[in-house]
Amino acid sequence: MTEFLRLLSTYSPLGLIRYFRIRLMGKELLVTGSCNCCGNCCRRINLEGARGWMRSKKEFADMVKDFPEYERFVVSGKDNQGFLQFSCTWLTENGVCRHHKNRLVLCREFPDKSLHFCGGALPKGCGYLICEVRPFRKYLDEFTGSEGKQ
Ligand code: SF4
Ligand code: SF4
């Protein structure tokens, strides 16, 4: 029950549909591809706070008080699900990070699979893909199972 409440507060309605679809179909998420350094993920960022994906400027202001390193982000608007979107002041005009070695964990780990469950999508032009796939072990189980019957 606690887990269910956490999902409700963290994921968007679209994200919840994706989450349960994956669970029901026995699938998992796979991130493939590579970064082509377009810089688009630094222009439209969703940030996750203590209560899930951020919707209000007040939540963001509270976050900056606790974690001043987030001050580099500025609100640029909202996405179609009502989540705040941010751009980063560290992004240079030629689309690279001004202090690449000091970028945040969220930058290093982009694209995180949780993006799929907040109902988000990768930025246009991103070289990565997030796919819902059948786990390889399921194919393996089927194969070894059919091998056993011969
Ligand atoms: S810190 Fe660098 S990598 Fe992270 S969002 Fe800003 S410009 Fe992009
Ligand atoms: S949007 Fe994707 S391809 Fe572009 S910089 Fe970010 S991770 Fe790299």
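Note: the structure precedes this text.
These notes cover the structure that comes with them. (Residues numbered from 1 in each chain as written. Chains lettered and ligands numbered in written order. Predicted model: local features only at pLDDT ≥ 70, side-chain atom pairs only at ≥ 80, totals over all residues.)

With respect to unusual backbone geometry
Just so we agree on the cut-off: Comment: elements are numbered from the N terminus, with helices defined as DSSP H or I runs of at least four residues and strands as E runs of at least two.
Between phenylalanine 110 and the following residue, proline 111, the backbone shows a cis peptide bond with an omega angle of 0 degrees. Take proline 111: it is sitting in the loop between helix H4 (105-108) and helix H5 (114-117). One non-glycine residue, cysteine 37, lies in the positive phi region at around 60 degrees. Looking at where cysteine 37 falls in the secondary structure, it is placed in the loop between strand S1 (28-33) and strand S2 (48-49).

What about the site of ligand 1?
Basically, it comes down to this: Working rule for contacts: place C-beta from the backbone, and if it is within 6 Å of a molecule or strand, that residue counts as near it. Gly counts as polar in this scheme, as do all residues outside two lists: the nonpolar Ala, Val, Leu, Ile, Met, Phe, Trp, Tyr, Cys and Pro, and the charged Asp, Glu, Lys and Arg.
For ligand 1, the full set of nearby residues is Cys42, Arg72, Cys88, Trp90, Leu91, Cys97, Arg103, Leu104 and Cys107. Of the residues in the shell around ligand 1, the class split is seven nonpolar, no polar and two charged.

Section: the site of ligand 2
Residues in close proximity to ligand 2 include Cys35, Asn36, Cys37, Cys38, Gly39, Asn40, Cys41, Phe110, Pro123, Cys126, Gly127 and Tyr128, which together make up its full environment. For the shell around ligand 2, a count of residues per class yields eight nonpolar, four polar and no charged.

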